[in-house]
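What follows is the residue order along each chain.
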Amino acid sequence: MNPTDKFAVMLVLLPAAGALSLGYSTSVYYNQRSQSLGLDEAAFGSPKFWADVDRNIPGWQSELERFRGFCENLRTKPPGKDVFLANGQQVLAQYVYPGIDDKDGSTPPRRAYPADDYLELRELRERLEHDVAPVAQRELRTLLEARPLVDDDDSRDDSGDTWHRAAWYGWQFMSLRGARQWMPETASALRAAMGGARRLGPAHRFVGLARQKARCRGLSHSDGRNYMLSTLTPVAAPTGKCGIVVNGTSAPIATGGPAVILDNTFPHHVYNDADEDRFCIIAEHPALAPVEREALATLFALKDRFTVLELQLAPWGYNDDDLGAALRSGAVYGLDYWKEIGRAPDDRRASPSALTKKRRSRGKGFGGKRTATR
Ligand SMILES: *[C@@H]1O[C@H](CO)[C@@H](O)[C@H](O)[C@H]1NC(C)=O
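Residues numbered from 1 in each chain as written. Predicted model: local features only at pLDDT ≥ 70, side-chain atom pairs only at ≥ 80, totals over all residues.

### Some remarks on the overall build of the chain
The number of helices and strands found in the chain is eleven helices and twelve strands. Per-residue burial for the chain yields a buried fraction of 48% across its 374 residues. Counting contacts in the chain only where the partners sit at least 6 residues apart, residues at least 24 apart contribute 76% of the total. (Helix = DSSP H or I, 4+ residues; strand = E, 2+ residues; numbered from the N terminus. Buried ≥ 20, exposed ≤ 12 C-beta atoms within 10 Å, placed from the backbone. Contact = placed C-beta atoms within 7 Å.)

### Brief notes about the pairing of strand β11 (residues 268-272)
Remark: a regular strand shows side chains that alternate across the two faces of the sheet. By the criterion of burial, β11 is predominantly enclosed, with four of the five residues buried. One ladder, built from two bridges, connects strand β6 (residues 216-217) with β11; its direction is antiparallel. By the bridge assignment for β11, Cys-216 is matched with Asn-272. Sheet topology note: the strand β8 (residues 242-246)/β11 ladder contains five bridges and is antiparallel. Bridge pairing links Val-246 to His-268 in β11. (Pairing = 2+ DSSP bridges.)

### Points about the environment of Met-228
Position of Met-228 relative to the elements: it lies in strand β7 (residues 228-236). Among the residues examined, Met-228 registers 26 C-beta atoms within 10 Å and is labelled buried. With 35 residues separating them in the primary sequence, Met-228 and Asp-263 have C-alpha atoms 7.4 Å apart.

### Concerning the confidence of the model for the chain
Across the chain, pLDDT averages 79, with 77% of residues at or above 70. Per-element confidence in the chain is highest for strand β9 (residues 249-252), whose mean pLDDT is 98, and lowest for helix α11 (residues 357-363), whose mean pLDDT is 33. Every residue in residues 1-28 scores below 50 in pLDDT, and together they form 114 contacts with partners more than four places removed in sequence or on other chains. (pLDDT = per-residue confidence, 0-100.)

### Concerning the environment of Glu-284
Of note, Glu-284 is situated in strand β12 (residues 278-286). Distance in space between the C-alpha atoms of Glu-284 and Leu-262 is 9.6 Å, their sequence separation being 22 residues.

### Looking at the sheet that holds β8
The sheet built from four strands is open, its strands ordered β6-β11-β8-β9 with antiparallel pairing. Here the strands that pair on one side only, and so sit at the sheet edges, are β6 and β9.

### Notes on the packing of helix α5 (residues 119-146) against helix α7 (residues 184-193)
The interhelical angle for the contact between α5 and α7, taken along N-to-C directions, is 175°, at an axis separation of 9 Å. In terms of orientation, α5 lies roughly antiparallel with respect to α7. Residues Leu-124, Arg-127, Leu-128, Asp-131, Val-132, Val-135, Ala-136 and Glu-139 of α5 pack against Glu-185, Thr-186, Ala-189, Leu-190, Ala-192 and Ala-193 of α7. Of the residues contributing to the contact of α5 with α7, the split by class is nine nonpolar, one polar and four charged. (Axes fitted to C-alpha atoms, helices over the stretch in contact; angles between N-to-C directions. Parallel < 35°, antiparallel > 145°, perpendicular 65-115°, else oblique. Nonpolar A, V, L, I, M, F, W, Y, C, P; charged D, E, K, R; others polar.)

### So, the nonpolar core
Formed by 88 residues in total, the largest nonpolar core has its most connected members in Val-132, Leu-190, Val-235, Cys-280, Ile-281, Ile-282 and Val-332. Apart from residues lying up to four places away in sequence, Val-132 is in contact with Arg-127, Thr-186, Ala-189, Leu-190, Ala-193, Thr-233 and Ile-281. (Core = buried A, V, L, I, M, F, W, Y, C linked by C-beta atoms within 7 Å.)

### Focus on the environment of Val-91
Position of Val-91 relative to the elements: it lies in strand β2 (residues 90-92). Measuring from C-alpha to C-alpha, the distance between Val-91 and Phe-266 comes to 8.4 Å, with 175 residues separating the pair along the chain. In this structure, Val-91 is in contact with Val-83, Leu-85, Val-96, Gly-224, Asn-226 and Thr-265, ignoring residues within four places of it in sequence.

So this is what it looks like as structure tokens:
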């Protein structure tokens with residue numbers, strides 16, 4: 001396999017981190033994990049969901065061996081179970097994509113910061129620094145004026161078109177989809193940096209702005225999915241004060257500095273020792289051949305669509321206005337809406353499948369409940 005085929009890039013969200021401050025309510029953070037596990041079970045345990053996969057990814061059982069192994073894990077492995085590998089990686093049994101790391105040495109060994117091992121990643125890092133970061137720096141102010149951060153210490157659930165608290169105290173996230181009205185050029189620049197609509201894999205929902213509160217540290221964690229990497233593009237980060245530690249090795253995050261590409265299956269945490277909040281763009285990408293990237297993008301688009309149409313929940317990163325408009329226009333029934341960052345809800349290029357009126361009105365019953373994380 002051509003080494004540049006090994007890592008596809010999807011913009012990713014790097015979840016994580018936060019210092020614990022005394023006396024704030026933790027429930028809003030901890031409820032998210034159980035919700036996300038419940039959602040996985042509801043989708044991956046449903047014959048209806050897998051019938052959807054059969055229809056939309058033709059030949060996946062016969063032609064895509066590794067992808068089939070991945071789906072088998074999603075279906076059969078215990079949710080939430082961690083597996084610790086000898087090199088320090090921590091993966092979720094359910095989210096292991098088999099066969100990515102060649103034992104014969106044809107792929108570079110896993111490293112905390114893999115960018116220098118792959119031409120595709122080096123190019124991406126350059127583009128994020130030179131083409132995306134300056135645009136995001138200009139647009140961030142507009143976003144924050146229109147959508148200020150939420151209160152870190154409020155115990156109510158976040159709702160609507162807003163910043164979301166997640167992962168740890170002091171971390172807030174807004175998907176680029178949710179922010180696109182105020183950061184339209186950032187969304188286009190990012191899409192271009194990722195190689196256009198398809199080459200690096202559509203960004204999905206884990207692309208967005210991540211804020212780490214001043215004088216605050218994230219919790220150490222692994223994202224547990226061996227087919228993903230994360231990129232962190234600094235947007236506002238005081239030099240010398242902010243960074244990330246991956247498997248014990250620190251990398252700076254500084255305004256004007258390089259984007260950080262990390263293998264988020266190693267334990268990692270972010271820190272912000274400055275007196276100001278730090279903002280980055282986060283994006284994730286998988287390590288796969290193009291056909292597998294497309295299959296994965298379709299699989300998770302189907303899961304999001306299933307979440308809305310069958311479970312009547314809002315997938316993480318989607319807001320009520322956006323989903324409401326997409327239900328009215330019919331865009332939710334096609335897959336492009338779910339696959340592409342910055343897709344407008346009333347964009348009808350999505351091709352709604354032959355769904356009945358009845359199904360549509362059922363979809364409208366979605367009530368703004370919210371699920372956590374992927
Ligand atoms: C990760 O850290 C552990 C503990 O320090 C070390 O043994 C291991 O080699 C590291 N893994 C990599 C890929 O650097």
